[in-house]
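Here is how the chains run, residue by residue.
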Amino acid sequence: IRRHNLGALAGRLPGQEDLPLPSYQSKHAAGMDLHAGVLEPVTLPPVISDHMVLQRDQKLPIWGWDTPGTEVTVTLGDAKATAKADDAGKWMVKLAKLNAARPTTLTVKGKNGIVINDVLVGEVWLGSGQSNMAMTVARSNDPEREAAAANRPQIRMFKEESGAADTPQAEG
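Residues numbered from 1 in each chain as written. Predicted model: local features only at pLDDT ≥ 70, side-chain atom pairs only at ≥ 80, totals over all residues. Heavy atoms only, no water.

(A) Broad picture of the overall build of the chain. Per the secondary structure count, the chain includes two helices and nine strands. When the helices and strands of the chain are listed from N to C terminus, the series reads α-β-β-β-β-β-β-β-β-β-α. Put simply, the chain has 172 residues, and 34% of those count as buried. At a minimum sequence separation of 6, the contacts of the chain that also span at least 24 residues come to 60%. (Helix = DSSP H or I, 4+ residues; strand = E, 2+ residues; numbered from the N terminus. Buried < 20%, exposed > 50% of the residue type's maximum accessible area, 1.4 Å probe, protein only. Contact = heavy atoms within 4.5 Å.)

(B) Inspection of the pattern of salt bridges at higher detail. Taken as a whole and judged by the stated rule, the model has four salt bridges. The partner of E123 in a salt bridge is R56, with the nearest N and O atoms 2.6 Å apart. Linking E123 in the loop between β9 (113-122) and α2 (143-149) with R56 in the loop between β3 (53-55) and β4 (60-65), this pair joins segments that are 67 residues apart in sequence. For R56, a relative accessible area of 32% translates into the label partly exposed. (Salt bridge = Lys/Arg side-chain N within 4 Å of Asp/Glu carboxyl O.)

(C) Looking closely at the confidence of the model for the chain. Of the residues in the chain, 76% have a pLDDT of 70 or more, and the chain-wide mean is 77. Scored below 50 in pLDDT, residues 1-37 makes 85 contacts in the model with residues more than four places away or belonging to other chains. (pLDDT = per-residue confidence, 0-100.)

(D) Layout of the sheet that holds strand β8 (residues 101-109). Ordered by their spatial adjacency, five strands build an open sheet running β3-β9-β8-β5-β6, and the pairing between neighbours is mixed. Looking along the sheet, the strands with just one partner apiece sit at the ends: β3 and β6 (79-84). With direction set aside, neighbouring strand axes in the sheet form an average angle of 30 degrees. (Pairing = 2+ DSSP bridges. Axes fitted to C-alpha atoms, helices over the stretch in contact; angles between N-to-C directions.)

(E) Focus on the layout of surface pockets. By volume, the largest pocket amounts to about 1300 Å³. Around the largest pocket, the lining comprises 44 residues; the ones closest to its centre are V124, W125, L126, M157 and F158. Only β3, β4, β8 and β9 provide two or more residues apiece to the lining of the largest pocket. When residues of the lining of the largest pocket are assigned to their parent elements, the largest contribution, four residues, is made by β4. (1 Å grid on protein atoms, 1.4 Å probe; cavity = no way out; pocket = protein on both sides within 12 Å on 5 of 7 lines; lining within 4 Å. Points joined across faces, edges and corners; volume = space filled by probe spheres on them.)

(F) Main features of unusual backbone geometry. Despite not being glycine, D118 has its phi angle at roughly 60 degrees, a positive value. Mapping D118 onto the fold places it in strand β9. Notably, D142 is not glycine yet its phi reads approximately 55 degrees, a positive angle. Of note, D142 is situated in the loop between β9 and α2. The partly exposed category is assigned to D142, whose relative accessible area is 34%.

(G) Expanded view of the pairing of β6. The alternating pattern of β6 places A79, A81 and A83 on a buried face and K80, T82 and K84 on a face that is not buried. Looking at chain direction, strand β5 (residues 71-76) and β6 are connected through six bridges and run antiparallel. In the strand pairing of β6, T75 is matched with K80. What sits between β5 and β6 in their antiparallel hairpin is a turn of two residues, with G77 showing a positive phi close to 60 degrees.

(H) Structural detail: the environment of K97. Counting through the fold element by element, K97 comes out in the loop between β7 (90-95) and β8. Counting along the chain gives 24 residues from K97 to V121, while the straight-line C-alpha distance between them is 9.9 Å. Contacts of K97, omitting those with residues within four sequence positions, involve D57, Q58 and K59.

Printed below as a string of structure tokens:
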């Protein structure tokens, strides 16, 4: 059974740790109906969420799960791609390369539809390795002043909180 890490800060801005998950994640977070053992309609991994940033000038992979055989269409601005869920329900599209863009909406339509809001196309930077990288603004010196002075609405943070695993994982 595939399970999403509900503790992940799915596309939230620094200081938003206590906000609820985007609406589609609270409804479809497990990816399966645990009682019936049946795959729910289209679901996405936590990293594909409101406020995410996609790398500019690169083909953009978007993936998820749906009922096997379902055609899934992903749209972001003028870019559009379609894939068919395989026998395990997995699907992936690669959207065409895009230039940096202001916030837009990503739409995923399969058995149901999911709308991901406030999606940027720009520079994606990954940071890892140091414990101080996990420090949020809320833990900084004078966090209220720092937050009030910040005027960087296009800086986003996704914090992956998966535990260690002995085998490759499809998601966190």
